[in-house]
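# Commentary on secondary and tertiary structure
Each chain, written out:
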Amino acid sequence: MRLAEIFERVVGPDAPIRFTAYDGSSVGDPGSEVALHVRTPVAVNYFAQSPNAVGLTRAYVSGHLDLEGDMYTALSTVSDFAFAQGNNLSLADTAAIVRSVGWVKFVNRVAPPPQEAGRGRLASMGWRHSRRRDAEVIHHHYDISNRFYEMVLGPMMTYTCAVFDDEDGRLDRVEKNDGALESAQDRKYELVARKLGLRKGMRLLDVGCGWGGMVLHAAREHGVKALGVTLSKEQAEWASKRIAQEGLGDLAEVRHMDYRDVPDGTFDRISSIGLTEHVGAKNLDAYFASLYDKLVPGGRLLNHCITRPRNDLPRMNTKGVINRYVFPDGQLEGPAELQMSMNDAGFEIRHQENLRDHYALTLRHWGANLERHWDEAVAEVGEATARVWLLYMAGCVLGFEKDIVQLHQILGAKLDGTDARMPLRPEF
């Protein structure tokens, strides 16, 4: 049985894509704008040993499987077709495929590409969300190359959800690269600033500060004395240089340190933008209690993070592509869980907002940036890593559009007695 026939038996005869293989076989819709090409027998090893998204990812990232066409279109087409069709493979078909492929393909293990974070290596770093392991996870994802991130994120160097208005959010502006993303990221930072009620002379702590975007915005636009902390050494170095270039050293600072080591009781406001996903459910109460202790009475916390749409869904899939290739140990909480944990820490919840649609748009811009700089990105980090990111961002666009994941901002106040020191109506 040739590979095209196996493909047809697995996905059905009406797959809306083209399939070709190194054995010369082909099948599928010849007019489809999406095509898969199995380049080498190693791809078959990966499929046989992990007949799921992980196997496909391993084959694609390592270059044994190629994709022709737009990644988002490919993932959307395949997922829609797969969910509609279901798995109708009979036992006879399965047996025939195993005989054709050969049992050696199933037992002759091929090592995953090095971009995959192996569970053994992570386990050697200690328990999940221990300090040492957290530092390794952050290093795995964020210390790829600042130059690579500049290509993907653009001049704002902001790796969190932007906030679009109707004009910036037009889909045709994704390809134009005309400043819509930068405008939306600036709007996000200003939204956070307004929710926090930043005023000149206040002290802001930004935990998990990335490349210092919120720190810079708070200092430059609001005269706030801002401290950002990150576990990524490369982020801290880049942010410190940008602060110096903008002449904001008297107000802004970014340190390479764990947020747990920041002194208590010294900040008027705290922003946490994209950190909670790395904290872990078992540490959530301690996390918010720690942030509560770092605030003065009457202070505010704005927590911004990816969430899952329902509390009864799994927090993480340790065998999934995202956990293996992008965010090892990443966990997503439901908004109700986050609010409950904030409440239990002492915060009074004052506002909650879901920005799911905005993150899908943000990811579209990042994906377009990567494709625009593809040759440079490959030269900087290698084709395998660039492929991980192209796949990851297109998959995440789909995830946010299909409501598989969401993004919530939750505003909490640390009461001064019974006074939240908030206006009667929001200023944002």
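Note that the structure is predicted; figures quoted are calculated from it, not measured. (Residues numbered from 1 in each chain as written. Predicted model: local features only at pLDDT ≥ 70, side-chain atom pairs only at ≥ 80, totals over all residues. Heavy atoms only, no water.)

### Observations regarding the pairing of strand β9 (residues 295-307)
For β9, the buried fraction is high: twelve of the 13 residues fall into the buried class. You can see the chain leave strand β8 (residues 267-273), run along helix α14 (residues 284-294) and come back into β9, and the turn it takes is right-handed. Bridge count for β9 against strand β11 (residues 406-413) is eight bridges, and the pairing is antiparallel. Following the sheet pairing, L302 is matched in β11 by L411. (Buried < 20%, exposed > 50% of the residue type's maximum accessible area, 1.4 Å probe, protein only. Helix = DSSP H or I, 4+ residues; strand = E, 2+ residues; numbered from the N terminus. Right-handed = clockwise from strand over helix to strand, strands pointing away. Pairing = 2+ DSSP bridges.)

### Digging into the nonpolar core
Counting 63 residues, the largest nonpolar core has Y159, W366 and W389 as its most contacted members. Take this core: its biggest share by element is eleven residues, from helix α19 (residues 383-401). Once residues lying within four places of it in the same chain are set aside, the contact partners of W366 are V152, L153, T158, Y159, T160, L181, Q185, Y359 and M393. (Core = buried A, V, L, I, M, F, W, Y, C linked by side-chain atoms within 4.5 Å. Contact = heavy atoms within 4.5 Å.)

### Describing the sheet that holds β9
The strand order across the open sheet built from seven strands is β7-β6-β5-β8-β9-β11-β10, with neighbouring strands paired in mixed fashion. Strands with a single pairing partner mark the edges of an open sheet, and in this sheet they are β7 (252-256) and β10 (348-354). On average, adjacent strands in this sheet sit at an angle of 15° to one another, irrespective of strand direction. In this structure, β8 lies alongside β9, joined through six bridges in parallel fashion. Each residue of the ladder has a partner; that of R269, found in β9, is R300. Relative to β9, helix α11 (residues 180-196) is tilted by about 145°, and along the sheet it contacts β5 (203-207), β8, β9, β10 and β11. (Axes fitted to C-alpha atoms, helices over the stretch in contact; angles between N-to-C directions.)

### Re the packing of aromatic side chains
Counted according to the given criterion, the structure contains 14 aromatic pairs. Measuring from centroid to centroid gives 4.7 Å for Y359 and F400, while their planes differ by 35°, and the two rings are tilted. A residue pair is termed long-range when its members are at least 10 positions apart, and Y359 in helix α17 (residues 356-372) and F400 in helix α19 qualify at 41 residues. In terms of burial, Y359 and F400 fall into one category: buried. In this structure an aromatic cluster arises from ring pairing among F148, Y149, Y159, W211, Y359, W366, W389, Y392 and F400. The positively charged end of K414 is found above the aromatic ring belonging to Y292, 4.5 Å away from the centroid. (Phe/Tyr/Trp six-rings, centres within 6.5 Å; stacked < 30°, edge-to-face > 60°. Lys NZ or Arg CZ within 6 Å of the ring centre and 35° of its normal.)

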